[in-house]
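Notes for the structure review
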Amino acid sequence: MEKLIGEYSQDYALLREAVEGLSEEELRFQPAPDKWSIHQIVIHVTDDEILSTHRLRKVLAEEEPLLLSFDQEAWTDNLGYERLDREQHLLLFQMLRASMLTLLENLTPKQLDRVGQYPDGVRYTFKELLELRIEHVRDHLAQIERVRQAYREDRV
């Protein structure tokens, strides 16, 4: 569990590092009309973190709670991601992760096995949900790198 908590607590630094030193043009570049910019990815990762922190807390606090997803494309399209403050969202991500650390550091083995369920019947343990959080951020870090590469290729 220590390794998992360590990875979880590193994600803010990795996300910050991934955008550090990029120009606004590079941050706003979209490789295709239907592909997200790095700016949009950062906002998305934070929006997802808001909901995921809620899910993690529900699983710890409630008996087999109902977990809800969100339509990420609708959020991107309808919340005006391009107008949102990236720095605020990075700080919010940092605070959300920090707010979970005390809970994570004091988990019992029994709490790791607590379960939440989505409306379609798919069930996840707390530990699985936590692993998905790390995987989600790592997937988007790889996506940021792909957008950076597309930006460089577009400029050649």
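Look above for the structure.
Residues numbered from 1 in each chain as written. Predicted model: local features only at pLDDT ≥ 70, side-chain atom pairs only at ≥ 80, totals over all residues. Heavy atoms only, no water.

**Quick notes on helix α1 (residues 2-19)**
Stated precisely, the cut-off is as follows: Helix and strand labels come from DSSP, where a helix needs a run of H or I of at least four residues and a strand needs a run of E of at least two; each type is numbered from the N terminus. Between the first and last residue of a helix there are one fewer steps than residues, each counted as 1.5 Å, and that sum is the expected span. The buried label applies to any residue whose accessible area, calculated with a 1.4 Å probe on protein chains only, is under 20% of its type's maximum; exposed applies above 50%, and partly exposed to all values in between. Any two residues having at least one pair of non-hydrogen atoms within 4.5 Å are treated as being in contact.
With 18 residues, α1 extends 27 Å from end C-alpha to end C-alpha; this agrees with the ideal 26 Å at 1.5 Å per step. L4, I5, Y8, D11, Y12, L15, R16, A18 and V19 are the residues of α1 that are buried. Buried-residue contacts for α1 involve α2 (24-28), α3 (38-61), α5 (86-105) and α7 (126-154). Just downstream of α1 lies G21, where phi reads positive at about 80°.

**Some remarks on the layout of surface pockets**
How we decide: In this analysis the probe radius is 1.4 Å and the grid spacing 1 Å, with only protein atoms considered; a cavity is a set of points the probe fits into but cannot get out of, a pocket is an open set with protein on both sides within 12 Å along at least five of seven lines, and lining residues have an atom within 4 Å of a point. Grid points are joined across faces, edges and corners, and a volume is the space filled by probe spheres set on the points.
What the largest pocket holds in volume is close to 300 Å³. Taken together, 15 residues line the largest pocket, and the ones lying closest to its centre are D48, R55, Y118, L132 and R133. Those elements that provide at least two residues to the lining of the largest pocket are α3 and α7.

**Overview of the packing of aromatic side chains**
Test applied: Think of it this way: a Phe, Tyr or Trp ring, Trp meaning its six-membered ring, pairs with another when their centres are within 6.5 Å, and the plane angle makes it stacked under 30 degrees, edge-to-face over 60, tilted otherwise. By definition, being over a ring means that NZ of Lys or CZ of Arg is both within 6 Å of the ring centre and within 35 degrees of the ring normal.
In total, this model carries three aromatic pairs according to the counting rule given. Their ring planes at 75° and their centres at 5.4 Å tell us that F29 and Y151 sit as a pair that is edge-to-face. Placement of F29 in the loop between α2 and α3 and of Y151 in helix α7 is noted, with a sequence separation of 122 residues between them. Here F29 and Y151 have matching classes, each one buried. Across from the ring centre of Y8, 3.9 Å away, lies the NZ or CZ of R97, which sits over that ring.

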